[in-house]
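An overview of the molecular structure
Here is what each chain is made of, one letter per residue.
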Amino acid sequence: MDRRSLIKRTGIAGVLAAGVAPAVHAQAAVRWRLASSFPKSLDTIFGSAEKLSETVKAMSGGKFEISVHPAGELMPAFGVVDALEKDTIEMAETAAYYFTGKDPVFAFSCAVPFGLTTLQMAAWKDHGNGRKLLDAFFEKYNFRTMSAGNTTTQMGGWYRKEIKSVADFKGLKMRMGGGVFGESMAKLGVVAQNMPAGDVYQALEKGTLDAVEFVGPYDDEKLGYNKVAPYYYYPGWWEGSADLEFFINIKKFNALSPENKAILKAAGAVAAADMTSKYQAVNPIAIKRLVANKTQLKAFPKAVIDAGFKSAMEVFKEHEAKSPDFKKIHQDMRAFQRDQILWNRFSEFPFNQYINSVKI
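Anyway, here's the lowdown on the structure attached to this text. Bear in mind the structure is a predicted one, so any value in this text is a computation, not a measurement.

1. Notes on unusual backbone geometry
Glycine aside, residues mostly have negative phi, and peptide bonds are mostly found in the trans state. Put simply, Tyr234 and Pro235 share a cis peptide bond, and its omega is -5°. Its place among the elements puts Pro235 in the loop between strand S9 (231–234) and strand S10 (243–249). One non-glycine residue, Asn142, lies in positive phi territory at about 70°. Within the element layout of this structure, Asn142 appears in the loop between helix H5 (130–138) and strand S4 (143–150).

2. Focus: the pairing of S4
Remark: a regular strand shows side chains that alternate across the two faces of the sheet. Most of S4 sits out of view: seven of its eight residues are buried. In the sheet, S4 pairs with S10 via seven bridges, with the strands oriented antiparallel. Residue Arg144 lies in a different strand from S10, and its bridge partner there is Ile248.

3. Re the nonpolar core
Counting 101 residues, the largest nonpolar core has Leu52, Tyr159, Phe169, Leu264 and Phe300 as its most contacted members. Tyr159 has contacts with Phe169, Leu172, Met174, Asp210, Ala211, Ala229, Pro230, Tyr231, Tyr233, Trp238 and Phe300, leaving out every residue within four places of it along the chain.

4. A look at the sheet that holds strand S1 (residues 30–36)
Adjacent strands of a sheet form backbone hydrogen bonds with each other and so pair up, either parallel or antiparallel. Judged by pairing direction, the sheet is mixed, and its five strands sit side by side in the order S2-S1-S3-S10-S4 without closing on themselves. The sheet is open, and its two borders are formed by strand S2 (64–69) and S4, each paired with just one other strand. Pairs of neighbouring strands in the sheet enclose a mean axial angle of 25°, with direction left out of account. Sheet topology note: the strand S3 (residues 91–94)/S10 ladder contains four bridges and is antiparallel. When the sheet's bridge partners are listed, Met91 is paired in S10 with Ile248.

5. Brief notes about the packing of helix H2 (residues 45–59) against helix H10 (residues 258–292)
At a minimum axis distance of 8 Å, the contact between H2 and H10 shows a crossing angle of 145°. Pair H2 / H10 crosses with right-handed handedness. The residues of H10 that touch H2, namely those facing Ile45, Ser48, Lys51, Leu52, Thr55, Val56 and Met59, are Ile263, Leu264, Ala266, Ala267, Gly268, Val270, Ala271, Ala272, Asp274, Met275 and Tyr279.

6. Side note on the sheet that holds S9
Read across the open sheet, the six strands follow the order S7-S6-S8-S5-S9-S11; overall the sheet is mixed. Either end of the sheet is taken by a strand with one partner, and the two such strands are strand S7 (191–193) and strand S11 (296–299). Relative to S9, strand S5 (residues 157–159) runs antiparallel, the two being bridged by three bridges. Bridging from a neighbouring strand, Tyr159 pairs with Tyr231 of S9.

Cut-offs used in this document
Residues numbered from 1 in each chain as written. Predicted model: local features only at pLDDT ≥ 70, side-chain atom pairs only at ≥ 80, totals over all residues. Heavy atoms only, no water. Helix = DSSP H or I, 4+ residues; strand = E, 2+ residues; numbered from the N terminus. Buried < 20%, exposed > 50% of the residue type's maximum accessible area, 1.4 Å probe, protein only. Pairing = 2+ DSSP bridges. Core = buried A, V, L, I, M, F, W, Y, C linked by side-chain atoms within 4.5 Å. Contact = heavy atoms within 4.5 Å. Axes fitted to C-alpha atoms, helices over the stretch in contact; angles between N-to-C directions. Left-handed = near helix turned anticlockwise from the far one by under 90°.

Here is the structure:
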């Protein structure tokens, strides 16, 4: 009886029991390039891409390798979407809201003002309609998404002067993520500027910028913002969380074997969990260090946050009137958020209120 007949009659279990191994076709080696929008010095965010690469290599036995390139090495930090569209690279690691100049919808894949928390964002994307709606939109740009990790709730940024009222925003030149946030802050008088993280320190030092928001204590300290702007505000209402992502060229992904697709997805989950948990671990230590080094930690006045909420809702309404895609995704996110807020009233919110009020 030949091998093919044996497999047909007894199935794979029977073949293995009989000690006859089916032929295994060796897969051709796969070599991909990943371009990041972040500098290598950010071991949190850039580290997620490195974690993805090493996990893919380990899981595939070296048959699938992804080389990782920091911002500026293969292309400028904000050039990655164009490169994916042109099939120049297989993957990117970036923040979707950097590309709201192409379409404001991009922001929903990372963060929007008064949006979702870290757990809520993961739930919306993976078990709600978020990923499905966003990936359908991103098809026109020739990529699909996979989370690279979440920064968790961000800080409100570094300022060269105190923010005592909304009037203090007038004329303020501030580096921030683009899109809805920039537009809503512009309504408060801020001159929004979107630039790569690595360029900000010098602009702050020279006075070209008056303020910057990036992520949180650990990354901000690494970038040295505390040395040139003494006031550190919270909370960052524009980023209740920020989901960094791997953008994957659709054609290249579809060409992968089922095994390599599974490896890539599994490695992405490992990298995302690693980044998110790392932020939660390192930020408390970093904020203590910053305060010890004379950083002035300040809460935004409620009137300022209220003004931010009002202006953001106006911007959402304006975009909904112009874009069916924006309206569909925004409305879906808010419906999901309302259910999350309801559940939060009986779960994390009361627990956090209590545990934050007692000595442990």
